[in-house]
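# Overview (structure and organization)
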Amino acid sequence: MPVFEVGRVAYKTLGREAGLACVIVEVIDKSYVLVDGIKVRRRRANVRHLAPTPEKIDIKKGAKTADVKKAVKAAKMEEKFSNRMKLDL
């Protein structure tokens, strides 16, 4: 089972969005994935800048932003995606 797969919830660890939760929408290659979330803009992210969690959301590969937001609400994870987590790295 790959760590970075479509639907996996992860936290961004670097940059202005550090500490915010996102969902992996597409795996580009072994080093990059496409992420999206409620407070995270849809963009390419280096896997070294992500901290995966055990949670997974049921979405299709390449899902649109609106579909990701609906899936987050269906999984009842709005609070997790709305708050910034303090990272101790």
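First, a word on scope: everything that follows refers to the structure included in this document. (Residues numbered from 1 in each chain as written. Predicted model: local features only at pLDDT ≥ 70, side-chain atom pairs only at ≥ 80, totals over all residues. Heavy atoms only, no water.)

This brings us to the overall build of the protein chain. When you go through the protein chain residue by residue, the secondary structure sums to two helices and five strands. The helix and strand sequence of the protein chain, counted from the amino end, reads β-β-β-β-β-α-α. Against the 2.2 N^0.38 benchmark of 12 Å for 89 residues, the protein chain shows a C-alpha radius of gyration of 12 Å, consistent with a compact globule. With respect to the principal axes defined by its C-alpha atoms, the protein chain has extents near 30 × 30 × 25 Å. Sorting the 89 residues of the protein chain into buried and exposed places 39% on the buried side. Considering only contacts in the protein chain between residues 6 or more positions apart, those separated by 24 or more positions represent 52%. When the accessible surface of the protein chain is summed, it comes to about 5,700 Å², and 51% of that surface belongs to carbon and sulfur atoms. Averaging the locations of the 21 positively and 11 negatively charged side chains of the protein chain gives two centres separated by 4 Å. (Helix = DSSP H or I, 4+ residues; strand = E, 2+ residues; numbered from the N terminus. Rg over C-alpha atoms; globule rule 2.2 N^0.38 Å. Buried < 20%, exposed > 50% of the residue type's maximum accessible area, 1.4 Å probe, protein only. Contact = heavy atoms within 4.5 Å. Areas by Shrake-Rupley, 256 points an atom, 1.4 Å probe, with all protein chains shown as cover. Lys, Arg positive; Asp, Glu negative; His and termini not counted. Charge placed at Lys NZ, Arg CZ, Asp CG, Glu CD.)

For the rest of this paragraph, the subject is the nonpolar core. Val23, Ile57, Ile59, Val68, Val72, Met77 and Phe81 are the most contacted members of the largest nonpolar core, which has 14 residues in total. Secondary structure elements with two or more residues in this core: β1 (8–12), β2 (21–27) and α1 (65–74). If sequence neighbours within four positions are ignored, Val23 has contacts with Gly7, Arg8, Leu34, Val35, Asp36, Ile57, Ile59, Val68, Val72 and Phe81. (Core = buried A, V, L, I, M, F, W, Y, C linked by side-chain atoms within 4.5 Å.)

Turning to the pairing of β1, a few remarks are in order. Counting buried positions along β1 yields five of five residues, so the element is predominantly enclosed. Both faces of β1 are covered, namely the face carrying Arg8, Ala10 and Lys12 and the face carrying Val9 and Tyr11. One ladder, built from four bridges, connects β1 with strand β5 (residues 50–56); its direction is antiparallel. Of the residues in β5, the one forming a bridge with Ala10 is Pro52. Two strands pair when backbone bridges link them, and β1 and β2 are joined in this way by three bridges, in the antiparallel orientation. Its bridge partner being in β2, Tyr11 is matched across the sheet by Ala21. (Pairing = 2+ DSSP bridges.)

Moving on, we come to the sheet that holds strand β3 (residues 32–36). Strands in a sheet are paired, the pairing made by backbone hydrogen bonds, and the direction either parallel or antiparallel. Pairing in this open sheet of five strands is antiparallel, and the strands run β4-β3-β2-β1-β5 from one edge to the other. This sheet does not close on itself; its edge strands, each paired only once, are β4 (43–46) and β5. Averaged over all pairs of adjacent strands, the angle between their axes in this sheet comes to 45 degrees, without regard to strand direction. Where β3 and β4 come together, four bridges link them in antiparallel fashion. Its bridge partner being in β4, Tyr32 is matched across the sheet by Asn46. (Axes fitted to C-alpha atoms, helices over the stretch in contact; angles between N-to-C directions.)

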